[in-house]
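Chain and residue survey
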Amino acid sequence: MKANSDLIPFDELSAYELAPGAADPMRYAVLGRNDFVFGRVRRLIASSARGEIVYLVVGTAPSNFKDGRGEERLVPLAWAELNLLRRQVRLPQLSPLAFRRLPIYHPGAALPTEIPFPTPRPDEVEFWDIA
Amino acid sequence: MAQIRIQPKPEAPTPRAAVLATLPIALLLGAGLATTLVLENGRQAPDQAVTTVAPAATGIWEWASRTWLGAKPLDAGGRAWVLAEHPPVTWFDEYEMAAVGASGGWTLYANRARGLPALSGMAGPYDRLYVRTAPGAYAPLRWRDVPAR
């Protein structure tokens, strides 16, 4: 994962605003496979060069995880579906284990240019489920 | 899949209220600065400017008075300017009295300090119009109904 300085938290990008009519997913609940609650959207990471929001920072404080609450992970927005009526971000293809393999967000640190989808390894429970 | 576009914020227009509040102050400051810088003789300059403008202002004032009174026929419709039941006023400054019209062989005067003569019946007990009865004495007039002659 290469670092990219073009990616900036949207709240620090004072010269930009959301396009008219675009939904603001801040504080939306983030749900994964089988409606597992990952947490809430805490921050938006934008790319001014691409002119769009690239990542969601998902805080796991209100999540269904038994451990690891309070960490923040980066989720590419391109994977997500927005449910505006329920104020939800849905990631039906992302299991709880896969979410735990997404990069942790450190404020101020360099952000990855791309995040590969976390496919399960053969030694993991999920892989056994698929098989 | 979701996509959220962002765009540069449009250029913020200058708030109109700020301009309206700033402009008169800036004009006043500019005028004061110009008076100080451009006019000669320091603090006498404003007095000179007033002296220069005074005749023109007087002319404008007298023209306005004539125009205003001229819009209304002084001796028409069974009404006329008649002497009010009041002794002549002697405390007016001669300089402030201006001839603004004539009626029945009398020259009508108005007092600049008291403003333009009012239209008949609109303001003041004597309509602020006078005839000169003696040097420094002005008898107030009144616009009244007079019996047909």
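The model shown is predicted, which means the values in this text are computed figures rather than measured ones.

As a further point, take the overall build of chain B. Each helix and strand in chain B was counted, giving two helices and six strands. Written out in order from the N terminus, the α and β elements of chain B read β-α-α-β-β-β-β-β. Across the 149 residues in chain B, those meeting the buried criterion constitute 11%. Within chain B, residue pairs in contact and separated by at least 24 positions form 51% of the contacts whose partners lie at least 6 positions apart.

Another point: the interface of chain A and chain B. Between chain A and chain B, the residue contacts involve 17 residues of the former and nine residues of the latter. Counting residues per element, the ones that place at least two in the side of chain A that touches chain B are strand 3 (16-18), strand 6 (52-59) and strand 8 (81-83) of chain A. The element best represented in the side of chain A that touches chain B is strand 3 of chain A, accounting for three residues. The class makeup of the residues in the side of chain A that touches chain B is 13 nonpolar, one polar and three charged. By the bridge criterion, three bridges tie strand 3 of chain A to strand 1 (residues 6-8) of chain B in an arrangement that is antiparallel. Pairing of A:Tyr16 across the sheet is with B:Pro8, part of strand 1 of chain B.

The biggest cluster of nonpolar side chains holds 29 residues, and the ones touching the most others in it are A:Val30, A:Ile45, A:Ile53, A:Tyr55, A:Leu56, A:Val57 and A:Val75. Going through the elements one at a time, strand 4 (29-31), strand 5 (37-47), strand 6 and strand 7 (72-76) of chain A are the ones with two or more residues in this core. In terms of residues, this core owes the most to one element, strand 6 of chain A, which gives six residues. Excluding its chain neighbours within four sequence positions, the residues that come into contact with A:Ile53 are A:Phe10, A:Leu44, A:Ile45, A:Ala46, A:Leu77, B:Ile4 and B:Ile6. Listed in part, the eleven residues of the second largest apolar core include B:Leu108, B:Ala110, B:Val131 and B:Leu141.

This part is about the pairing of strand 4 (residues 106-111) of chain B. In summary, the side chains of a regular strand alternate between the two faces of the sheet. Residue and element names in this part refer to chain B. The sheet contact formed by strand 3 (residues 97-103) and strand 4 spans six bridges and is antiparallel. From the neighbouring strand, Ala-98 faces strand 4, where its bridge partner is Ala-110. Sheet analysis places strand 4 next to strand 5 (residues 130-134), joined by two bridges and oriented antiparallel. By the bridge assignment, Leu-108 is partnered in strand 5 with Val-131.

Moving on to the environment of A:Tyr105. All names here are of chain A. Following the sequence through the fold, Tyr-105 ends up in the loop between helix 1 (96-100) and strand 10 (111-112). On the neighbour-count criterion, Tyr-105 (21 C-beta atoms within 10 Å) is buried. Considered as a pair, Tyr-105 and Glu-71 are 34 residues apart in the sequence and their alpha carbons are 8.0 Å apart. Residues within four places of Tyr-105 in sequence aside, it is in contact with Val-57, Glu-72, Arg-73 and Leu-74.

Once that is clear, we can look at the pairing of strand 6 of chain A. Residue and element names in this part refer to chain A. In terms of residue burial, strand 6 counts as a mostly covered element, since seven of its eight residues are buried. Taken together, the seven bridges between strand 5 and strand 6 define a ladder with antiparallel strand orientation. Residue Arg-43 lies in a different strand from strand 6, and its bridge partner there is Val-57. Counting the residues between successive antiparallel strands, the hairpin from strand 5 to strand 6 contains four residues, one of them, Gly-51, with a positive phi of roughly 70 degrees.

A separate point is the confidence of the model for chain B. Residues and elements named next belong to chain B. Per-residue confidence for chain B gives a mean pLDDT of 74, with 70% of residues at or over 70. Counting interchain partners and residues more than four positions distant, the pLDDT-below-50 stretch residues 70-75 has nine contacts. Across residues 119-126, where pLDDT falls below 50, the model places 13 contacts with residues more than four positions away in sequence or in other chains. Complex prediction metrics read pTM 0.51 and ipTM 0.85.

Residues and elements named next belong to chain A. Of note in this structure, Asn-34 is not a glycine but carries a positive phi near 55 degrees. In this structure, Asn-34 sits in the loop between strand 4 and strand 5. On the neighbour-count criterion, Asn-34 (8 C-beta atoms within 10 Å) is exposed. Unusually for a residue other than glycine, Arg-87 sits at a positive phi of about 55 degrees.

Conventions we followed
- Residues numbered from 1 in each chain as written.
- Chains lettered and ligands numbered in written order.
- Predicted model: local features only at pLDDT ≥ 70, side-chain atom pairs only at ≥ 80, totals over all residues.
- Helix = DSSP H or I, 4+ residues; strand = E, 2+ residues; numbered from the N terminus.
- Buried ≥ 20, exposed ≤ 12 C-beta atoms within 10 Å, placed from the backbone.
- Contact = placed C-beta atoms within 7 Å.
- Nonpolar A, V, L, I, M, F, W, Y, C, P; charged D, E, K, R; others polar.
- Pairing = 2+ DSSP bridges.
- Core = buried A, V, L, I, M, F, W, Y, C linked by C-beta atoms within 7 Å.
- pLDDT = per-residue confidence, 0-100.

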